[in-house]
Amino acid sequence: MIATGVEVKINRLESIVEQIGEAVLSTTETIERLAERLETVSTQLEAQGQQVQQQGYQIVALCDAVQTLAESQQNSLQKLNDLTQTLDRFMYLIKGDTD
């Protein structure tokens, strides 16, 4: 009878140890899946960071191009203004000769 009581307790302990083992395995698998997901997210974030950095470089290059274009336009407007003044003087001279 004592042996039967001990055997029941051993069976219960074995059952508890088995449940703990299953819980540990399940937890380990869950942690591994989470680690894989975190690695995937980390890789995606790194790629997005590189894209944002590349876009930043592109924006700087675009700003430089716009500034160069604005300066070029300013130079063109100045040359056009000079040409207009020269044509105005030329027209004045031509009109002066015909009057």
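Not measured: the values here are computed from a predicted model.

What counts and how
- Residues numbered from 1 in each chain as written.
- Predicted model: local features only at pLDDT ≥ 70, side-chain atom pairs only at ≥ 80, totals over all residues.
- Heavy atoms only, no water.
- Helix = DSSP H or I, 4+ residues; strand = E, 2+ residues; numbered from the N terminus.
- Rg over C-alpha atoms; globule rule 2.2 N^0.38 Å.
- Buried < 20%, exposed > 50% of the residue type's maximum accessible area, 1.4 Å probe, protein only.
- Areas by Shrake-Rupley, 256 points an atom, 1.4 Å probe, with all protein chains shown as cover.
- Lys, Arg positive; Asp, Glu negative; His and termini not counted.
- Charge placed at Lys NZ, Arg CZ, Asp CG, Glu CD.
- Patch = residues over 30% accessible without salt bridge, like charges linked within 9 Å, V, L, I, M, F, W, Y side chains within 5 Å.
- Salt bridge = Lys/Arg side-chain N within 4 Å of Asp/Glu carboxyl O.

A. Main features of the overall build of the chain. Assigned secondary structure in the chain consists of one helix and zero strands. For the chain, the C-alpha radius of gyration of 42 Å lies well beyond 13 Å, the compact-globule estimate for 99 residues. If one aligns the C-alpha atoms of the chain with their principal axes, the spans along those axes are about 140 × 15 × 10 Å. Expressed as a percentage of its 99 residues, the buried residues of the chain come to 0%. If you sum the accessible surface of the chain, you get close to 9,300 Å²; carbon and sulfur atoms cover 61% of it. Computed over 7 positive and 15 negative side-chain charges, the separation of the two mean positions in the chain equals 5 Å.

B. Focus on a nonpolar patch on the surface. Residues Leu77, Leu80, Leu83, Leu87, Phe90, Met91 and Ile94 make up a contiguous nonpolar surface patch of roughly 660 Å² in combined accessible area. Looking at where Leu83 falls in the secondary structure, it is placed in helix 1 (residues 2–98). The class for Leu83 is partly exposed, based on a relative accessible area of 47%.

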